[in-house]
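Summary of the model geometry
Now for the letters of each chain:
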Amino acid sequence: MHVTHLSLADFRSYPRAEVSLDPGVTAFVGPNGQGKTNLVEAVGYLATLGSHRVSSDAPLVRVGAERAFVRAQVRQGERQQLVELELNPGRANRARINRSSQVRPRDVLGILRTVLFAPEDLALVKGDPGERRRFLDDLVTARSPRMAAVRADYERVLKQRNTLLKSAATARRHGGRGADLSTLDVWDQHLARVGAELLARRLDLVAVLQPLTDKAYEQLAPGGGPVSLEYRGPSVEGPSSEGRGPGAGAVTGSGAGARDDWEAWLLAALGEARKREVERGVTLVGPHRDDLVLKLGRMPAKGYASHGESWSLALALRLASYELLRGEGNEPVLVLDDVFAELDVRRRARLAELVAPGEQVLVTAAVEEDVPGVLSGARFAVAEGGVIRR
């Protein structure tokens, strides 16, 4: 899989940009602040419907413009598709495939797949649990695009349930009779049903990602492991300390336990937590409260790993993601956004050797010297709003 042409209109700093791309390595080189990352951010947005830099669409639209457009020609084997997204902050985004009538934005998921390395990846190791949950859910969706709808359903149900609990807690604190909680059982059932599918997918992912991450870390930092991934949280441990959910082993939970088993487990856990939830006005059980604990040896990486170890672990997670998606028959586009400047010489060389064989590798760098020699290929100069092939 590779992108043959990228077209932008009013995206970030670009009034317009047209970039033809080849398979193999392409490097965008230029001073900081000139728009290199904007190009690869657009590619990533087409693959995930999200940015690796910001949480909302508003910053993606050029100042003074009402909307932005991102288009890409994507080739997979002999098949080529045109994917188009219209970003409308504050309103619904729009999408088209092969210039056909409008489709839902999530219908484009799966046409282009990417694995992106960026300085922000350090948050996978050092950041809060939300960073790691997003990493898991984005990869779950890359493997199965229909999970985008499941994630959206879960967020909707969680929001409705939290609104009801907050009303109840507010009423209690002010001495009122309390909100009508008669519908809470219905929301519990919805949350358990959708949450169980998301949870089962996460656990299955962690199980297959574990050995790939350990292998990638050994390639980047020989002798520095082993690496282990542990899925933890109220969803698998329950609101009390007694026992764990179905199939929840010490390392990953292995994704075992059918969705129906996890649904029953979550429903029971929500019932046990209800009194505390009503008191606090928030949902305390569910995939939104869980975490992926990363370990080097016996110690959690967060708080114990050095800066270099943290970088290697974050890169290992991305390399493992790439190997997983490639092994499932659809090699993703690799994006390395200003990564090499963050690495020492040894890690830089190892990473370059590992990614060089990719079908398409997009690299950004402030100076040509930051791009390892093994990553030879096309070069674009990016400066003052222009993208010029050299």
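This text goes with the structure placed above it.
Residues numbered from 1 in each chain as written. Predicted model: local features only at pLDDT ≥ 70, side-chain atom pairs only at ≥ 80, totals over all residues. Heavy atoms only, no water.

A few words now on the overall build of the protein chain. On a plain count of helices and strands, the protein chain comes out with nine helices and 14 strands. Counting across all 390 residues of the protein chain, residues that qualify as buried make up 50%. Counting every atom, the protein chain has about 17,100 Å² of accessible surface; 49% of that belongs to carbon and sulfur. A distance of 3 Å separates the average location of the 54 positive side-chain charges in the protein chain from that of its 50 negative side-chain charges. (Helix = DSSP H or I, 4+ residues; strand = E, 2+ residues; numbered from the N terminus. Buried < 20%, exposed > 50% of the residue type's maximum accessible area, 1.4 Å probe, protein only. Areas by Shrake-Rupley, 256 points an atom, 1.4 Å probe, with all protein chains shown as cover. Lys, Arg positive; Asp, Glu negative; His and termini not counted. Charge placed at Lys NZ, Arg CZ, Asp CG, Glu CD.)

On the secondary structure map, D121 appears in the loop between β7 (114-117) and α2 (123-126). The buried category is assigned to D121, whose relative accessible area is 5%. Reaching out from D121, the side chain makes a polar contact with the side chain of R318 at a distance of 2.8 Å. What D121 contacts, discounting residues up to four positions off in sequence, is L116, A314 and R318. (Polar contact = N/O pair within 3.5 Å; in protein donor to acceptor, adjacent residues only side chain to side chain. Contact = heavy atoms within 4.5 Å.)

Along the chain, V227 falls in strand β8 (residues 227-232). A residue is classified by how much of its surface remains accessible, and V227, at 3% relative accessible area, is buried. The spacing of V227 and G271 is 44 residues in sequence and 35 Å in space, taken between C-alpha atoms. Setting aside residues no more than four positions away along its own chain, V227 makes contact with Q210, T213, D214, Y217, K295, L296 and L313.

We now examine the sheet that holds strand β9 (residues 291-296). Strands pair in a sheet through their backbones, by hydrogen bonds, and they do so in one of two ways: parallel or antiparallel. Taking strand neighbours across the sheet as the criterion, the three strands line up as β8-β9-β10 in an open arrangement whose pairing is antiparallel. The sheet is open, and its two edges are formed by β8 and β10 (299-300), each paired on a single side. Judged from the six bridges that link them, β8 and β9 form a sheet pairing that is antiparallel. Considered in β9, the bridge of R232 is made with D291. In the packing of helix α5 (residues 184-220) onto the sheet, the strands contacted are β8 and β9, and the crossing angle to β8 comes to about 165 degrees. (Pairing = 2+ DSSP bridges. Axes fitted to C-alpha atoms, helices over the stretch in contact; angles between N-to-C directions.)

The next thing to look at is the pairing of strand β11 (residues 333-337). The element β11 is largely enclosed, with a buried count of five among its five residues. Neither face of β11 is left uncovered, since the one carrying V333, V335 and D337 and the one carrying L334 and L336 both have all their residues buried. Two strands pair when backbone bridges link them, and β7 and β11 are joined in this way by four bridges, in the parallel orientation. Within the sheet, the bridge partner assigned to V115 lies in β11 and is L334. Here four bridges tie β11 to strand β12 (residues 360-365), and the two strands are oriented parallel to one another.

The next subject is the pairing of strand β14 (residues 386-389). Of the strand pairs in this sheet, strand β13 (residues 377-383) and β14 are connected by four bridges, and their pairing is antiparallel. From the neighbouring strand, V382 faces β14, where its bridge partner is V387.

Right, let's get into the sheet that holds strand β3 (residues 24-29). Strand order across the open sheet formed by six strands is β7-β11-β12-β3-β13-β14, with mixed pairing between neighbours. Both edges of this open sheet fall to β7 and β14, since each of them pairs with a single strand only. Strand-to-strand twist in this sheet, taken as the mean axis angle between neighbours without regard to direction, amounts to 20 degrees. The sheet contact formed by β3 and β13 spans five bridges and is parallel.

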